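Fold and geometry: a report
In case you want the letters, here they are:
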Amino acid sequence: MNYLTRACLYVKRKLSKSILLGLTFFVIGNLVLIGLGITQAANNAKLLTRKSMKAIVNLKTDYEEFSEYVSHLESQEEIEEANNNSPNVTPKHVELMSQDERVKAMNYLNVIQVYTVDFNSIPMGNEDINPPQVEVTSDGKKFEYKLANFSLVGNLSPKMIEFNDGTCTLIEGNFYTQDDIDNANHVAVISKDVADFNGLSIGDSITLRIGTEQYLSELESKGYAREDLDQVYEIIGFYTTIEEVDKNDPRFQVVGGNESPLNRAYVPITTVIEENYKMYEIDYVANILPRFPDSIKVDIDVMYETSKAIFLLNDPLDVEGFMEDYQPLNTQFIYLDANNEQFNLFSKPLNNLTYFAEVILIIISITSIFIITLITALTLKSREFEVGVLLSLGVSRIKIVAQFFIELLIILLVSFTCAVGTGSLIANKVGDQVLENQMSMNQVDEINTDFVPNWLGFKDYFTELTQEDVISKYEVRINTLLILEIYIFGIGVVFISILVPTYMIMKLSPKRIMLS
């Protein structure tokens, strides 16, 4: 008779003992199911929440921290030096990050307000409530001051977030290439609405200008031809966008046409900066030097500095790893941000729930091992004669230990199988009750954040979360993986519990047992 058969017969013969031990395993199984079920549900809720968020990582400048740092400086010389070396994100910061295979698109923007010359922008709809103002110069000339009606949006990468997250769609032509960026080509992608409004086609040119009529008139009086200030771009593509002007925004009455998502020309950043720098050089000679002879001309590289670079990754689950890999970029005033503060705040009840479940599992593990070890050791004391007979018959000690292990395993499997049926209901109720208590203790009415305008170049592109978004994804489900984990846990407990009896069996002498 082999040890498997003996184990089954012993479980049947000692039915009352098997039932009592089975009830112990049944209680343990329910508690384990609660702990593992709650942990899995909480982790799944956080995982699903992260998956539902945009895979956005910002490399941004902390101007508040820098301002606080400057305010604590004592000497004027230190203050001036700090201000002259104010922190900014530069192309060098993002060079490696933009080439990372996890990056789907990047926004490293330079946005300039301009005026249309040979075509018209799409009206905003606020022209009647925001009429042009008349300005009078010192020499008595009158000028009609108009708000800029168009925007030049330059990006350091041809893979722009708006054209990869569904905000904008290229419907005709092509987007500019890396070669266009490297050579500062005057090419532009404009909205289909502007094209239809003005009868423009692919290959046509549009002309834009920086500066108000008053400013241009002043430059003309100093010998500059207005035509020399024109920026001419070849149209290479048309886009459509799902963005709309929010007419309920308090700013709607005071903004110009350049705020409309339709009135944008997407161009290489190098082109925007070169044109802007050309205007700066003119202004430097015409206006700055006459007033401030000792002023130093700013280098063009300064214009490439920005306050924030934004990365859209292929997978939201890559966000944590991406931030960890580029952790060395974090400095006192420049840091990586993936909206973790909001995510962690709303996930706090789930984290507490996970902690609660892990504590349960630790207590159960220790208690279970202690109880099963004690029961098995006491049982062995009453079965010494049986062990002595088996040893005398030539049964190896390993097979005797295996018999004890199988006996416990049979009872455990039956008990844990019963626990799967009841534990799911208990785990749901216990988990919901603990989660409700945690939410009541961690009420989050609102998150105090500084006002950040939702303008292109300023917005964070983050997915706005609420605590309900996170908590609604919490659900305890008894799946195959969870059942497998429960059985593995039980087998592990039995294995550890049998170690002490195994030691005792290994030391038993069949001759001494039979003589006693």
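This write-up is about the structure you can find in this document. (Residues numbered from 1 in each chain as written. Predicted model: local features only at pLDDT ≥ 70, side-chain atom pairs only at ≥ 80, totals over all residues. Heavy atoms only, no water.)

**Topic: the overall build of the protein**
Spelled out, the test is: A helix here means a DSSP run of H or I that spans at least four residues, while a strand means a run of E at least two residues long, and both kinds are numbered starting from the N terminus. Accessible area is worked out with a 1.4 Å probe on protein chains only. A residue is then buried under 20% of its type maximum, exposed over 50%, and partly exposed in between. Using a 1.4 Å probe, accessible areas were evaluated by the Shrake-Rupley method; residue-level cover was limited to the displayed protein chains.
For the protein, the count of helices and strands is 18 helices and 13 strands. Expressed as a percentage of its 516 residues, the buried residues of the protein come to 46%. Of the accessible surface of the protein, which amounts to about 27,500 Å², a share of 55% is contributed by carbon and sulfur atoms.

**Some details on the packing of aromatic side chains**
Formally: In this scheme Phe, Tyr and Trp rings, the latter by its six-membered ring, pair at centre separations within 6.5 Å, and the angle between planes marks the pair as stacked below 30 degrees, edge-to-face above 60, and tilted otherwise.
In the structure shown here, the tally under the stated rule is 14 aromatic pairs. On the numbers, 6.0 Å between centres and 80 degrees between planes, the contact of F163 with Y239 is edge-to-face. Within this pair, whereas F163 is found in the loop between β6 (150–155) and β7 (168–173), its partner Y239 is found in strand β10 (residues 231–241), the two being separated by 76 residues in sequence. Considered together, F163 and Y239 belong to a single accessibility category, that of buried residues. Put simply, the rings of F163, F175, Y176, Y239 and Y266 touch in pairs and so form one group of aromatic residues.

**As for the pattern of salt bridges**
Definition in use: Any carboxyl oxygen of Asp or Glu within 4 Å of a side-chain nitrogen of Lys or Arg constitutes a salt bridge here.
Taken as a whole and judged by the stated rule, the model has nine salt bridges. Across the pair D325 and R102 runs a salt bridge whose closest N-O atoms are separated by 2.7 Å. You can see D325 sitting in helix α10 (residues 319–325) and its partner R102 sitting in the loop between α5 (91–99) and β2 (103–107), a full 223 residues away along the chain. Overall, the relative accessible area of 47% leaves D325 in the partly exposed class. A salt bridge links E172 to K192, with the shortest nitrogen-to-oxygen separation between them at 3.7 Å.

**What to know about the sheet that holds strand β12 (residues 308–313)**
Inclusion rule: For two strands to count as paired, DSSP must find a minimum of two bridges between them. Simply put, an axis is a line fit to the C-alpha atoms, just over the touching stretch for a helix, and the angle between two N-to-C directions goes from 0 to 180 degrees.
The four strands are arranged β2-β12-β1-β13 in an open sheet whose pairing can be described as antiparallel. For this open sheet the edge positions go to β2 and β13 (334–337), each flanked by a neighbour on one side alone. Between one strand and the next, the sheet's axes are offset by a mean angle of 15 degrees, whatever the strand orientation. Here strand β1 (residues 56–61) runs beside β12; their pairing, made up of five bridges, is antiparallel. If you follow V57 over to β12, its bridge partner there is F311.

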